[in-house]
Amino acid sequence: AQSVTQLDSQVPVFEEAPVELRCNYSSSVSVYLFWYVQYPNQGLQLLLKYLSGSTLVKGINGFEAEFNKSQTSFHLRKPSVHISDTAEYFCAVSGPRGDDKIIFGKGTRLHILP
Amino acid sequence: DAGVTQSPTHLIKTRGQHVTLRCSPISGHKSVSWYQQVLGQGPQFIFQYYEKEERGRGNFPDRFSARQFPNYSSELNVNALLLGDSALYLCASSRGTGGNNEQFFGPGTRLTVL
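Residues numbered from 1 in each chain as written. Chains lettered and ligands numbered in written order. Predicted model: local features only at pLDDT ≥ 70, side-chain atom pairs only at ≥ 80, totals over all residues. Heavy atoms only, no water.

**Some details on the pattern of salt bridges**
By the definition in use, this model includes 13 salt bridges over all chains. For the salt bridge of Lys49(A) with Glu102(B), the shortest nitrogen-to-oxygen distance reads 3.8 Å. Linking Lys49(A) in strand β6 (residues 44-50) with Glu102(B) in the loop between β9 (87-94) and β10 (104-105), this pair reaches from one chain into another. In this structure Lys49(A) comes out as partly exposed when scored by relative accessible area, which is 30%. Taking the shortest distance from any N to any O, the salt bridge between Glu88(A) and Arg109(A) comes out at 2.8 Å. One end of the pair, Glu88(A), is in strand β10 (residues 87-94); the other, Arg109(A), is in strand β12 (residues 108-113), with 21 residues separating them in the sequence. On the basis of relative accessibility, which here comes to 12%, the residue Glu88(A) falls in the buried class. Look at Arg109(A) and you get partly exposed, because its relative accessible area is 38%. Bridged by salt links that share partners, the residues Glu20(A), Lys58(A), Glu64(A), Glu66(A) and Arg77(A) form one connected network. (Salt bridge = Lys/Arg side-chain N within 4 Å of Asp/Glu carboxyl O. Helix = DSSP H or I, 4+ residues; strand = E, 2+ residues; numbered from the N terminus. Buried < 20%, exposed > 50% of the residue type's maximum accessible area, 1.4 Å probe, protein only.)

The structure is reproduced here in structure tokens:
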């Protein structure tokens with residue numbers, strides 16, 4: 001079984017500063033990893049995903065994440081945040097089987113300070 | 001192309017009542033998944049359907065049921081509502097099953113149980 005831990009429930013950061021949202025996972029098999037964003041009163045939107053290959057994954061809106069198998073981490077980063085990045089961010093993990101479901105973390109709320 | 005649509009947007013019910021939530025997937029997507037998102041938490045997997053068959057079920061009581069129709073739309077039914085069923089219910093569609101199939105989320109149905 002897989003599980004996901006998002007280490008920070010809230011992250012405040014000044015506008016135009018860099019940010020890192022931390023995610024650790026556990027799994028006994030190979031995994032697929034995802035970051036989703038949820039803006040207020042909306043559904044989830046996929047930011048980026050790691051399926052295989054290069055460990056550095058680039059996504060939409062200037063976000064990127066690095067898969068680190070030895071540390072079982074998949075941290076999300078952005079070099080310069082904007083007010084529009086204010087949202088809830090969810091890390092998620094799934095397995096390779098057809099019946100594997102997506103397991104979400106509890107989320108990290110990103111607060112952009114002016 | 002239209003995204004995933006869900007109806008209704010909001011719903012208020014009282015304890016003991018029954019509710020039906022509806023989801024229309026993106027055209028060409030044959031898989032629909034349902035998630036429950038309680039305030040302050042990440043989405044929790046409820047069901048996945050593919051080609052009208054249940055392919056996965058999360059840790060939810062039998063009061064929760066679902067079905068998928070020939071046009072791949074889906075309904076989630078919850079009987080004997082409890083206060084704890086108050087949540088945002090998200091539907092996601094994908095082309096197939098398995099973690100490497102990107103899931104596209106609808107805006108959700110917010111259910112309030114009084």
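From this point, things continue past the structure.
**Section: the interface of chain A and chain B**
On the side of chain B, 20 residues touch chain A, which itself brings 21 residues to the contact. Carbon and sulfur atoms make up 56% of the area that chain A and chain B hide from each other, which totals about 1600 Å². Remark: the boundary between chain A and chain B carries one salt bridge. The interface formed by chain A and chain B includes one residue pair in polar contact (both at pLDDT 80 or more). Secondary structure elements with two or more residues in the side of chain A that touches chain B: β5 (32-38), β6 and β10 of chain A. Taken together, the residues of the side of chain A that touches chain B break down into nine nonpolar, seven polar and five charged. (Contact = heavy atoms within 4.5 Å. Buried area = accessible area lost by both parts, 1.4 Å probe. Polar contact = N/O pair within 3.5 Å; in protein donor to acceptor, adjacent residues only side chain to side chain. Nonpolar A, V, L, I, M, F, W, Y, C, P; charged D, E, K, R; others polar.)

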